[in-house]
Amino acid sequence: MRLPAGVRERVAAVHGGGALPQRLRLYDGWAARYEQDVAALEYRAPHLAAASLAFAFPAPPAGARLLDVACGTGLVARELHRRGFRCLHGVDGSAGMLERARSTGLYRQLQRCVLGPEPLPAPAEHYDAVTVVGALGEGQVPSAAVPELLRVTKPGGFLCLTTRSNPSNLRYKAELEATLERLERQGAWQKVLAQEVERWERATSEEESTQGTGYISGVVYIYQKCPVPPLEEG
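Notes on the structure follow. (Residues numbered from 1 in each chain as written. Predicted model: local features only at pLDDT ≥ 70, side-chain atom pairs only at ≥ 80, totals over all residues. Heavy atoms only, no water.)

Turning our eyes to something else, we now look at the packing of aromatic side chains. If you walk through the whole model with that rule in mind, you get five aromatic pairs. Each ring, one from phenylalanine 57 and one from phenylalanine 85, has its centre 5.3 Å from the other, and the planes form 80 degrees; the classification is edge-to-face. Of the two residues, phenylalanine 57 sits in the loop between α3 (45-56) and β1 (65-69) while phenylalanine 85 sits in the loop between α4 (75-82) and β2 (87-92), which places them 28 residues apart along the sequence. Given a relative accessible area of 14%, phenylalanine 57 falls into the buried group. (Phe/Tyr/Trp six-rings, centres within 6.5 Å; stacked < 30°, edge-to-face > 60°. Helix = DSSP H or I, 4+ residues; strand = E, 2+ residues; numbered from the N terminus. Buried < 20%, exposed > 50% of the residue type's maximum accessible area, 1.4 Å probe, protein only.)

Structure (C-alpha coordinates):
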(Lines give C-alpha, C1' and ligand atoms only; values in the text may rest on other atoms or scores of the structure.)
Protein backbone atom coordinates (compact mmCIF):
# COMPACT_ATOMS: atom_id res chain seq x y z
CA MET A 1 0.00 0.00 0.00
CA ARG A 2 1.41 3.37 -1.02
CA LEU A 3 2.05 5.98 1.64
CA PRO A 4 -0.36 8.94 1.63
CA ALA A 5 1.06 11.89 -0.29
CA GLY A 6 0.79 14.15 2.76
CA VAL A 7 3.01 11.84 4.81
CA ARG A 8 5.65 11.74 2.07
CA GLU A 9 5.57 15.53 1.74
CA ARG A 10 5.90 16.19 5.48
CA VAL A 11 8.81 13.76 5.85
CA ALA A 12 10.57 15.26 2.81
CA ALA A 13 10.08 18.77 4.18
CA VAL A 14 11.67 18.15 7.61
CA HIS A 15 14.57 16.22 6.07
CA GLY A 16 15.20 18.95 3.51
CA GLY A 17 18.06 21.40 3.54
CA GLY A 18 16.26 24.49 4.82
CA ALA A 19 17.63 26.83 7.47
CA LEU A 20 17.25 25.77 11.10
CA PRO A 21 14.43 28.21 12.03
CA GLN A 22 12.43 26.99 9.03
CA ARG A 23 12.95 23.32 9.96
CA LEU A 24 11.88 23.97 13.55
CA ARG A 25 8.70 25.66 12.31
CA LEU A 26 8.02 22.60 10.18
CA TYR A 27 8.38 20.35 13.23
CA ASP A 28 6.09 22.66 15.23
CA GLY A 29 3.49 22.34 12.50
CA TRP A 30 3.96 18.56 12.24
CA ALA A 31 3.56 17.87 15.97
CA ALA A 32 -0.22 17.33 15.88
CA ARG A 33 0.03 14.75 13.07
CA TYR A 34 3.44 13.31 13.90
CA GLU A 35 2.38 10.11 15.66
CA GLN A 36 -0.28 9.39 13.05
CA ASP A 37 2.32 9.81 10.30
CA VAL A 38 5.02 7.67 11.91
CA ALA A 39 2.42 4.95 12.48
CA ALA A 40 1.76 5.01 8.72
CA LEU A 41 5.53 4.77 8.18
CA GLU A 42 5.68 1.71 10.49
CA TYR A 43 8.54 3.51 12.25
CA ARG A 44 10.22 0.96 14.55
CA ALA A 45 13.20 2.92 15.91
CA PRO A 46 11.69 3.87 19.31
CA HIS A 47 10.82 0.23 20.08
CA LEU A 48 14.14 -1.14 18.80
CA ALA A 49 16.24 1.45 20.62
CA ALA A 50 14.45 1.06 23.95
CA ALA A 51 14.63 -2.73 23.76
CA SER A 52 18.36 -2.62 22.97
CA LEU A 53 19.11 -0.20 25.81
CA ALA A 54 17.07 -2.20 28.32
CA PHE A 55 18.93 -5.37 27.28
CA ALA A 56 22.33 -3.69 27.79
CA PHE A 57 21.42 -2.07 31.10
CA PRO A 58 22.99 -4.06 33.95
CA ALA A 59 20.84 -2.79 36.83
CA PRO A 60 17.11 -2.30 37.43
CA PRO A 61 16.39 0.90 35.49
CA ALA A 62 13.76 2.53 37.71
CA GLY A 63 16.30 4.74 39.51
CA ALA A 64 18.42 5.50 36.45
CA ARG A 65 18.37 9.10 35.21
CA LEU A 66 17.98 9.15 31.43
CA LEU A 67 18.10 12.00 28.90
CA ASP A 68 16.00 11.62 25.75
CA VAL A 69 17.58 13.99 23.21
CA ALA A 70 15.33 15.17 20.35
CA CYS A 71 12.49 13.58 22.28
CA GLY A 72 9.75 14.65 19.86
CA THR A 73 6.28 13.74 21.10
CA GLY A 74 7.55 11.11 23.55
CA LEU A 75 7.53 7.90 21.51
CA VAL A 76 10.85 6.75 22.99
CA ALA A 77 9.70 7.64 26.51
CA ARG A 78 6.66 5.37 26.13
CA GLU A 79 8.87 2.46 25.12
CA LEU A 80 11.36 3.14 27.91
CA HIS A 81 8.59 3.44 30.49
CA ARG A 82 7.27 0.02 29.49
CA ARG A 83 10.73 -1.36 30.25
CA GLY A 84 10.96 0.10 33.72
CA PHE A 85 12.69 3.47 33.14
CA ARG A 86 11.00 6.11 35.29
CA CYS A 87 13.36 9.10 35.69
CA LEU A 88 13.13 10.54 32.17
CA HIS A 89 14.30 13.99 31.09
CA GLY A 90 13.79 15.25 27.54
CA VAL A 91 15.05 17.99 25.24
CA ASP A 92 13.88 19.01 21.79
CA GLY A 93 14.28 22.03 19.53
CA SER A 94 10.58 22.22 18.68
CA ALA A 95 8.18 23.88 21.12
CA GLY A 96 5.28 22.08 19.40
CA MET A 97 6.87 18.68 19.91
CA LEU A 98 7.70 19.49 23.56
CA GLU A 99 4.07 20.41 24.21
CA ARG A 100 3.01 16.96 23.00
CA ALA A 101 5.76 15.27 25.03
CA ARG A 102 4.62 17.16 28.15
CA SER A 103 1.08 15.86 27.68
CA THR A 104 2.28 12.24 28.06
CA GLY A 105 3.16 12.84 31.72
CA LEU A 106 6.19 10.55 31.33
CA TYR A 107 8.96 13.15 31.67
CA ARG A 108 10.09 14.63 34.97
CA GLN A 109 11.78 17.47 33.10
CA LEU A 110 11.50 18.90 29.58
CA GLN A 111 13.57 21.72 28.09
CA ARG A 112 13.99 23.34 24.71
CA CYS A 113 17.44 22.77 23.19
CA VAL A 114 18.73 22.56 19.62
CA LEU A 115 21.65 20.15 19.92
CA GLY A 116 24.51 21.19 17.67
CA PRO A 117 24.18 24.96 17.79
CA GLU A 118 23.52 24.72 21.55
CA PRO A 119 25.04 22.63 24.37
CA LEU A 120 22.79 20.30 26.34
CA PRO A 121 21.25 22.02 29.41
CA ALA A 122 22.85 19.60 31.87
CA PRO A 123 26.04 19.38 33.93
CA ALA A 124 28.82 16.95 33.09
CA GLU A 125 28.40 13.27 34.04
CA HIS A 126 24.75 13.77 35.02
CA TYR A 127 22.94 10.90 33.27
CA ASP A 128 23.06 7.12 33.54
CA ALA A 129 21.89 6.87 29.93
CA VAL A 130 21.35 9.16 26.94
CA THR A 131 19.26 8.38 23.86
CA VAL A 132 19.13 10.05 20.44
CA VAL A 133 16.57 8.20 18.34
CA GLY A 134 15.68 9.45 14.87
CA ALA A 135 17.56 12.78 14.93
CA LEU A 136 21.03 11.68 13.82
CA GLY A 137 20.60 12.19 10.10
CA GLU A 138 21.19 14.46 7.15
CA GLY A 139 19.93 17.98 7.90
CA GLN A 140 19.30 17.20 11.58
CA VAL A 141 21.70 16.81 14.54
CA PRO A 142 25.30 17.05 13.23
CA SER A 143 27.63 14.15 13.98
CA ALA A 144 30.02 16.70 15.51
CA ALA A 145 27.56 16.99 18.43
CA VAL A 146 28.19 13.40 19.61
CA PRO A 147 30.93 14.41 22.15
CA GLU A 148 28.35 16.63 23.86
CA LEU A 149 26.26 13.51 24.50
CA LEU A 150 29.28 11.90 26.12
CA ARG A 151 29.89 14.98 28.28
CA VAL A 152 26.58 14.63 30.13
CA THR A 153 26.84 10.82 30.54
CA LYS A 154 28.25 9.31 33.72
CA PRO A 155 31.33 7.08 33.46
CA GLY A 156 29.98 3.58 32.86
CA GLY A 157 26.73 5.05 31.53
CA PHE A 158 25.13 4.05 28.24
CA LEU A 159 24.42 5.95 25.02
CA CYS A 160 21.81 4.67 22.58
CA LEU A 161 21.96 6.21 19.09
CA THR A 162 20.19 5.46 15.81
CA THR A 163 20.53 6.47 12.19
CA ARG A 164 19.03 5.46 8.86
CA SER A 165 20.77 3.59 6.02
CA ASN A 166 18.73 4.91 3.08
CA PRO A 167 20.66 6.33 0.09
CA SER A 168 20.13 10.01 0.93
CA ASN A 169 21.56 9.44 4.44
CA LEU A 170 24.62 7.34 3.55
CA ARG A 171 27.05 10.27 3.55
CA TYR A 172 25.87 11.33 7.00
CA LYS A 173 25.99 7.72 8.25
CA ALA A 174 29.63 7.40 7.12
CA GLU A 175 30.52 10.66 8.92
CA LEU A 176 28.69 9.51 12.06
CA GLU A 177 30.40 6.12 12.13
CA ALA A 178 33.79 7.78 11.64
CA THR A 179 33.05 9.91 14.71
CA LEU A 180 31.89 6.90 16.74
CA GLU A 181 35.01 4.91 15.81
CA ARG A 182 37.34 7.83 16.55
CA LEU A 183 35.89 8.23 20.03
CA GLU A 184 36.31 4.51 20.63
CA ARG A 185 39.97 4.62 19.52
CA GLN A 186 40.49 7.55 21.90
CA GLY A 187 39.15 5.46 24.78
CA ALA A 188 36.10 7.66 25.38
CA TRP A 189 33.67 4.73 25.17
CA GLN A 190 33.36 1.14 24.06
CA LYS A 191 30.87 -0.35 21.63
CA VAL A 192 28.29 -2.70 23.11
CA LEU A 193 26.07 -3.14 20.04
CA ALA A 194 25.72 -2.04 16.43
CA GLN A 195 22.74 -3.74 14.85
CA GLU A 196 21.54 -3.14 11.29
CA VAL A 197 17.77 -3.56 10.98
CA GLU A 198 16.25 -4.15 7.55
CA ARG A 199 12.65 -2.97 7.96
CA TRP A 200 13.31 0.21 9.91
CA GLU A 201 10.44 2.15 8.37
CA ARG A 202 8.58 2.42 5.10
CA ALA A 203 10.40 4.23 2.31
CA THR A 204 8.92 7.51 1.08
CA SER A 205 10.07 6.82 -2.51
CA GLU A 206 11.32 3.97 -4.69
CA GLU A 207 14.77 5.61 -4.77
CA GLU A 208 15.05 5.34 -0.98
CA SER A 209 13.77 1.76 -0.82
CA THR A 210 16.16 -1.08 0.06
CA GLN A 211 16.28 -3.52 -2.90
CA GLY A 212 12.70 -2.72 -3.86
CA THR A 213 11.26 -3.87 -0.52
CA GLY A 214 9.36 -0.64 0.08
CA TYR A 215 11.31 -0.15 3.33
CA ILE A 216 14.55 1.48 4.40
CA SER A 217 17.03 0.01 6.86
CA GLY A 218 18.58 1.59 9.95
CA VAL A 219 21.05 0.97 12.76
CA VAL A 220 20.91 0.92 16.56
CA TYR A 221 24.21 1.66 18.34
CA ILE A 222 24.82 1.15 22.06
CA TYR A 223 28.04 2.51 23.60
CA GLN A 224 29.24 2.53 27.20
CA LYS A 225 31.25 5.48 28.44
CA CYS A 226 34.71 4.74 29.81
CA PRO A 227 35.94 3.95 32.33
CA VAL A 228 33.60 0.96 32.42
CA PRO A 229 33.09 -0.36 35.94
CA PRO A 230 34.32 -3.94 36.55
CA LEU A 231 31.78 -6.74 36.64
CA GLU A 232 30.64 -7.68 40.11
CA GLU A 233 31.55 -11.19 41.19
CA GLY A 234 28.99 -13.71 42.27
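Looking at helix α1 (residues 5-14), one finds that the buried residues are Val7, Val11 and Val14. Down the axis of α1, the buried set is contained in an arc of 70 degrees. They therefore lie on one face. Opposite the buried face of α1, by more than 90 degrees, sit the exposed residues Glu9 and Ala12. Packing partners of the buried residues in α1 comprise α2 (20-40). (Arc of directions from axis to C-beta. Contact = heavy atoms within 4.5 Å.)

What follows covers the nonpolar core. Most often, soluble globular proteins keep nonpolar side chains buried together rather than apart. Ranked by internal contacts, the top residues of the largest apolar core, which has 41 residues, are Leu53 and Leu80. Mapped onto this core, the elements with two or more residues apiece are α1, α2, α3, α4, α5 (95-104), β5 (153-164), β6 (189-202) and β7 (215-225). In terms of residue count, the dominant contributor to this core is α3 (six residues). If sequence neighbours within four positions are ignored, leucine 80 has contacts with Ala50, Leu53, Leu66, Phe85 and Leu88. Counting 28 residues, the second largest nonpolar core, distinct from the first, contains Cys113, Leu120, Val219 and Tyr223. (Core = buried A, V, L, I, M, F, W, Y, C linked by side-chain atoms within 4.5 Å.)

Glancing now at unusual backbone geometry. The omega angle of the peptide bond from cysteine 226 to proline 227 is 0 degrees, so this bond is cis rather than trans. Checked against the element boundaries, proline 227 lands in the segment after β7. Within the chain, glutamate 42 stands out as a residue other than glycine whose phi angle is a positive 55 degrees. If you check the backbone angles, alanine 70 has positive phi at about 55 degrees while not being a glycine. As for its position among the elements, alanine 70 is in the loop between β1 and α4. According to the relative accessible area criterion, alanine 70 is partly exposed, its value standing at 23%.

Glancing now at the side chain of glutamate 208. Tracing the backbone through its elements, the reader meets glutamate 208 in the loop between β6 and β7. Buried and without a salt bridge, glutamate 208 has arginine 164 as its closest oppositely charged side chain, separated by 8.2 Å. Reaching out from glutamate 208, the side chain makes a polar contact with the side chain of serine 168 at a distance of 3.0 Å. Residues in contact with glutamate 208, not counting those within four places in the same chain, are Asn166, Pro167, Ser168, Ala203, Tyr215 and Ile216. (Lys, Arg positive; Asp, Glu negative; His and termini not counted. Salt bridge = Lys/Arg side-chain N within 4 Å of Asp/Glu carboxyl O. Polar contact = N/O pair within 3.5 Å; in protein donor to acceptor, adjacent residues only side chain to side chain.)

Counting buried positions along strand β4 (residues 127-132) yields five of six residues, so the element is predominantly enclosed. Judged from the four bridges that link them, β1 and β4 form a sheet pairing that is parallel. Across the sheet, the residue bridging to leucine 67 is valine 130, located in β4. In the sheet, β4 pairs with β5 via five bridges, with the strands oriented parallel. Counted as the bridge partner of threonine 131 is cysteine 160 from β5. Tracing the backbone out of β4, into helix α6 (residues 146-151) and back to the parallel element β5 gives a crossover that is right-handed. (Pairing = 2+ DSSP bridges. Right-handed = clockwise from strand over helix to strand, strands pointing away.)

On to the pattern of salt bridges. Pairs can form between side chains of opposite charge once their charged atoms are near each other. All told, the structure shown has nine salt bridges when counted by the stated rule. In this structure, glutamate 79 and arginine 83 form a salt bridge, with 2.8 Å as the shortest nitrogen-oxygen distance. By relative accessible area, glutamate 79 is classed as buried at 14%. The class for arginine 83 is partly exposed, based on a relative accessible area of 24%. As a salt-bridge pair, glutamate 138 and arginine 171 come within 2.9 Å of each other at their nearest N and O atoms.

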